[in-house]
Amino acid sequence: RDTPAETRRVAGRPEDFELQFDDFELLPKAATGLGPVMFSNFDDGGSRNIFNGLWTYSWRTAPRTVFTLVRPGRGGSGYAAQISGKLETADSSSLRASFNSEDSSADLSSYAGIRFYCRGHGYFRLRTFQPTISDWDDYGTASLEALPEWRPVTVWFKDLKQDGWGAAVPFIPESLSGFA
């Protein structure tokens, strides 16, 4: 399997990064005739989402990173979620949104995708979590690069892929437990 160019570029040396995320919206399927639904925006200084779940940050293998809510968020008000620090080649960190406090599933079958805004410098991926995948080969995007200015990132569920190292399991939007 080929290694992505950005992975080869930073392999073997620490990489500084700073990523900010804001205004996560679920995008309904066209047939519903509805507009985007705000999933989470951090404007109140909290990290809840519409399913009453929370955003959490895991950095077990990335001790030189930090998660904070910073002002101002996109649009000049409220807050944005920020992850920053330095990652070594083997480090890993994850900003994760659980869909509810019990970490159980939500039905996203009426949605075609998710849109959010990002700025900063560094790379990230969006991953979904579903209980039927137990080997961590979750559906996700390829690496995406943050740019200095706020920009929208739209991820269509139909375009998500498993990396291919685990068991192939169908994508089930009726049974997702979170995003990272």
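As a reminder, the structure under discussion sits directly above these lines.
The shown structure was predicted, so the numbers you read here are calculated from the model rather than taken from an experiment.

Reading the values: the criteria
- Residues numbered from 1 in each chain as written.
- Predicted model: local features only at pLDDT ≥ 70, side-chain atom pairs only at ≥ 80, totals over all residues.
- Heavy atoms only, no water.
- Helix = DSSP H or I, 4+ residues; strand = E, 2+ residues; numbered from the N terminus.
- Polar contact = N/O pair within 3.5 Å; in protein donor to acceptor, adjacent residues only side chain to side chain.
- Contact = heavy atoms within 4.5 Å.
- Salt bridge = Lys/Arg side-chain N within 4 Å of Asp/Glu carboxyl O.
- Buried < 20%, exposed > 50% of the residue type's maximum accessible area, 1.4 Å probe, protein only.
- Core = buried A, V, L, I, M, F, W, Y, C linked by side-chain atoms within 4.5 Å.
- Pairing = 2+ DSSP bridges.

**Here's the deal with the side chain of Thr-65**
Phase 1: Inspection of the secondary structure assignment puts Thr-65 in strand E4 (residues 65–70).
Phase 2: A polar atom in the side chain of Thr-65 sits 2.7 Å from the side chain of Tyr-57.
Phase 3: Not counting residues within four places of it along the chain, the set of residues in contact with Thr-65 comprises Phe-17, Tyr-57, Trp-59, Ser-84, Gly-85, Lys-86, Leu-87 and Ser-93.

**Some words on the pattern of salt bridges**
Phase 1: Tallied over the entire structure, the rule returns six salt bridges.
Phase 2: Across the pair Lys-158 and Asp-159 runs a salt bridge whose closest N-O atoms are separated by 3.2 Å.
Phase 3: The exposure class assigned to Lys-158 is exposed, which follows from its relative accessible area of 67%.

**Concerning the nonpolar core**
Phase 1: Ranked by internal contacts, the top residues of the largest apolar core, which has 32 residues, are Phe-21, Leu-108 and Phe-116.
Phase 2: Elements with a minimum of two residues in this core: strand E1 (15–28), strand E3 (55–58), strand E5 (80–87), strand E6 (94–98), strand E7 (111–124) and strand E10 (151–156).
Phase 3: Those residues in contact with Leu-108 that lie beyond four places of it in its chain are Leu-26, Phe-51, Phe-99, Phe-157, Pro-173, Glu-174, Leu-176 and Phe-179.

**Examining unusual backbone geometry**
Phase 1: In this model, Arg-71 is joined to Pro-72 through a cis peptide bond whose omega is -10°.
Phase 2: With respect to the helices and strands, Pro-72 occurs in the loop between E4 and E5.
Phase 3: Notably, Asn-52 is not glycine yet its phi reads approximately 70°, a positive angle.
Phase 4: Mapped onto the elements, Asn-52 comes out in the loop between strand E2 (37–40) and E3.
Phase 5: Positioned with a positive phi, Trp-136 is a non-glycine residue whose angle comes to about 70°.
Phase 6: Within the secondary structure, Trp-136 sits in the loop between strand E8 (128–129) and strand E9 (144–146).
Phase 7: Accessibility expressed as a relative area gives 70% for Trp-136, which makes it exposed.

**Quick word on the side chain of Gln-130**
Phase 1: In this fold, Gln-130 is placed in the loop between E8 and E9.
Phase 2: Classification of Gln-130 as buried rests on a relative accessible area of 4%.
Phase 3: In this structure the side chain of Gln-130 is engaged in a polar contact, spanning 2.9 Å, whose partner is the backbone oxygen of Pro-170.
Phase 4: The residues touching Gln-130, leaving out its near neighbours within four places in the chain, are Val-169, Pro-170, Phe-171, Ile-172, Ser-175, Leu-176 and Ser-177.

**What to know about the sheet that holds strand E11 (residues 178–179)**
Phase 1: One open sheet holds the four strands; their spatial order is E3-E6-E11-E8, and the pairing between them is antiparallel. The open sheet terminates on both sides in strands that have one partner only, identified here as E3 and E8.
Phase 2: Pairing of E3 with E6, which is carried by four bridges, proceeds in the antiparallel orientation. Bridged to Tyr-57 within E6 is Leu-95.

**Structural notes on the environment of Gln-82**
Phase 1: Looking at the secondary structure, you find Gln-82 in strand E5.
Phase 2: The class for Gln-82 is buried, based on a relative accessible area of 10%.
Phase 3: A C-alpha to C-alpha distance of 28 Å links Gln-82 and Ser-175, two positions 93 residues apart in sequence.
Phase 4: Polar contacts involving the side chain of Gln-82 include one to the side chain of Gln-20, which spans 2.7 Å.

Remember, this is a structural readout, not a statement about activity or role.
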